[in-house]
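# Notes for the structure review
Each chain, written out:
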Amino acid sequence: MRVFIPGDSAAISVGADAVAAAIALRAPSAEIVRNGSRGALWLETLVEVQSPDGRIAYGPVSPDDVTSLFDADFLNGGAHALFLGKTDEIQWLSSQDRVTFARVGIIDPLSLDDYRSHGGLVALNKALTSTSDWIIDEVTESGLRGRGGAGFPAGIKWRTVAQTPSDQKYICCNADEGDSGTFADRMLIEGDPFTLIEAMIIAGIAVGANTGIVYLRSEYPYAIATLRKAIEVARKNNLLGSKILATSHSFDMTVRVGAGSYVCGEETAMLESIEGKRGVVRAKPPLPAIEGLFGKPTIINNVLTLATVPMIIADGASAYKARGVGRSLGTQVFQLAGNVARGGIVEKAFGITVNELVHTYGGGTLSGRTLRAVQIGGPLGAYFSTAQFDTSMDYESLIAAGGMLGHGGVVVFDESVDLAQQAKFAMEFCALESCGKCTPCRIGSTRGAETIGLIIQGVEVEENKRLLLDLCEVMSDGSLCAMGGLTPMPVKSAMINFPDDFKGGVR
Amino acid sequence: MKYRPWSQDAALVLLASLRDEMGPVLMALQLMQKEFGYVDKASIEIIANFFNTSRAEVHGVLTFYHDLRTTAPTTHEISICVAEACQAVGARVLVQEVKAKFGDETHDGYCFGNCALGPTVMVNGEIIGRATLEKIEQARR
Ligand SMILES: Cc1cc2nc3c(=O)[nH]c(=O)nc-3n(C[C@H](O)[C@H](O)[C@H](O)COP(=O)(O)O)c2cc1C
Ligand code: SF4
Ligand code: FES
């Protein structure tokens, strides 16, 4: 009897470990698999039992429900108030288009056998017998763009590294995932770490690199532990190391843990941090693809960018690019967060509207109060009002609407939100996290927070609003990286889309 | 959480484990904190000497990163997420309550990747979602 109880840290945060312990106590002979999360985080802890015709789900299960689940004979699919039917038929999940997240929540994250039987290593085996050019052509052809925020085409970056001669090259995976409202990197690493490992090996083969580094934030202790274990399993099975899978290729990888710095998610600050230094942003050029880690050609990609590559190589570039709209091809792993009734992972082709995401999937607010705002794309992303909910979720449409996709996080706020306070927080966050290199970012952010404070207090409101817009312009124009450069985005979008909150006084 | 008392000898043994690492300074500081609970100021010179770099360099790294601290931690460590997605579900109020109740033990956190089940708090390294004062008290025991 197989029972699936997620070991994902979001599930653990609402009691999955206690649920697992209680079930193990009552059914000592049951085989409990600590899978990743299916992504329907509002249903955690989602307990699934294997039945002859698929998995049967119960949720959200709290430790207190376990006794009644046994009374209802849930191990044999018995009726219960938390019975959800077959997991594959839960519409919230079945209506998604899982590509990057195809295996997350399905498999045992640390079982290589499970991984193999769900399509794992197909891409690696293909890559091992292909030319570097073919791999890079596929990645380019798929239209895959960076999922870390900037949306740069992955294939072009890979080509640059491949064509730069060097005795040493690196594959750096950006798993700093600093954006509030995002958790897809974490869930992929906790739920399907071999996909990231496989992707990094493929990247290594493609550009001629034998060393990979994953820069993983310290705030993710569960992901760090899982990835380190998975790397050990991969080494034992000769997926990593010298002459991998009896070929002439060698590749190994390690995890470097961050130290609580948002700006270290910026790629060059990340390189500095991996080199053990202060996370100060580097000026470009030189591009990291030419002079990156320790001065060597380096691929830097987000977890999701990399983790999509095995699917592209296995199923073909054309299958991937058949999805999406315009120049935003494939799927995006959207993350629904904040004050939302049904939060979690929604992987869909680009082009879904904000409304569909927030209402059809999200089910509106958690509090039940009126939905007032969403912030899309992390702390540097724009605040939108419900008037903009027809906007298509793709790179270009969001820019046209005055925002950005970022890492694909959507944070929902109800009517209790005060956008002037949110704008002030954006400035304070910038002041806290600025690397200090540029004056507009380092000092401007502090002055910005003070100025918004004055507006909130009702002090010379119009004059201070003018000053604030002026400051935003200086920050946008005078900052080296997007930390200072884009902090004005949440501030200005809040002012434009929620003018009532900037009239002085507390809402 | 359990840490061992700081000593120079123990520090040197730990540093030896990083001898082959490239760019070891941040790792060295993180290792000090993991083992001793904080980075003793005396370790700045030790790390600088061990890895043949300057004290200024080590000091610079130590002061850049929010995670690193130079004073011993409290018995319990509560890190509460104050980032946007948790603000949307009441973190601004919760943080006031937690600070009033647990004072020094409380630190601001910026996202634990649990943004669909906030407010999120880490209590002695254990993640708590849909956090309330009661849940935090329970986990702190
Ligand atoms: C302040 C700042 C923070 C960033 N944080 C992250 C992050 O946490 N994760 C990430 O993948 N990219 C982050 N980025 C974007 C990276 O600089 C870089 O564009 C990305 O890692 C490249 O990978 P991609 O092309 O696969 O997206 C950040 C950028 C800035 C300016
Ligand atoms: S904009 Fe801010 S974070 Fe970016 S380089 Fe300048 S000072 Fe550093
Ligand atoms: S914003 Fe609080 S856990 Fe992400």
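Note that the coordinates shown come from a computational prediction; the quantities given were computed from them, not determined experimentally.

## Quick notes on the domain arrangement of chain A
All names here are of chain A. When cut into domains, chain A gives domain 1 (2–94), domain 2 (112–321), domain 3 (324–414) and domain 4 (419–502). For domain 2 and domain 4, the distance between their C-alpha centroids amounts to 34 Å. Contacts between the two partners involve 10 residues from domain 2 and, on the opposite side, 7 residues from domain 4. Interface area for domain 2 against domain 4, summed over the two sides, is near 690 Å², with a carbon-plus-sulfur share of 74%. When the residues that make up the side of domain 2 that touches domain 4 are grouped by side-chain class, the tally is 5 nonpolar, 3 polar and 2 charged.

## Some details on the sheet that holds strand 15 (residues 382–385) of chain A
Residues and elements named next belong to chain A. Strand order in this open sheet of 5 strands is 13-12-16-14-15, and the pairing throughout is mixed. Bordering the open sheet on either side are strand 13 (344–349) and strand 15, each of which pairs with just one other strand. Across the sheet, the axes of successive neighbouring strands diverge by a mean angle of 30°, strand direction being ignored. Note that strand 14 (residues 371–376) and strand 15 share 4 bridges and pair antiparallel. Directly across from Ala 373, in strand 15, lies its bridge partner Ser 385. Of the strands in this sheet, strand 14 and strand 15 are in contact with helix 22 (residues 488–497), which crosses strand 15 at around 20°.

## A few points about helix 7 (residues 132–141) of chain A
All names here are of chain A. Within the sequence span of helix 7, burial applies to Ile 135, Ile 136, Glu 138 and Val 139. Taken end-on, helix 7 shows its buried residues confined to a sector of 155°, consistent with a single buried face. In the core, the buried residues of helix 7 are packed alongside helix 6 (122–128), helix 8 (154–163), helix 10 (193–207), helix 13 (303–315) and helix 14 (317–321). At the C-terminal side of helix 7, Gly 143 shows a positive phi close to 80°.

Here is what the cut-offs are and how they apply
Residues numbered from 1 in each chain as written. Chains lettered and ligands numbered in written order. Predicted model: local features only at pLDDT ≥ 70, side-chain atom pairs only at ≥ 80, totals over all residues. Heavy atoms only, no water. Domains from an automatic or database assignment. Contact = heavy atoms within 4.5 Å. Buried area = accessible area lost by both parts, 1.4 Å probe. Nonpolar A, V, L, I, M, F, W, Y, C, P; charged D, E, K, R; others polar. Pairing = 2+ DSSP bridges. Helix = DSSP H or I, 4+ residues; strand = E, 2+ residues; numbered from the N terminus. Axes fitted to C-alpha atoms, helices over the stretch in contact; angles between N-to-C directions. Buried < 20%, exposed > 50% of the residue type's maximum accessible area, 1.4 Å probe, protein only. Arc of directions from axis to C-beta.

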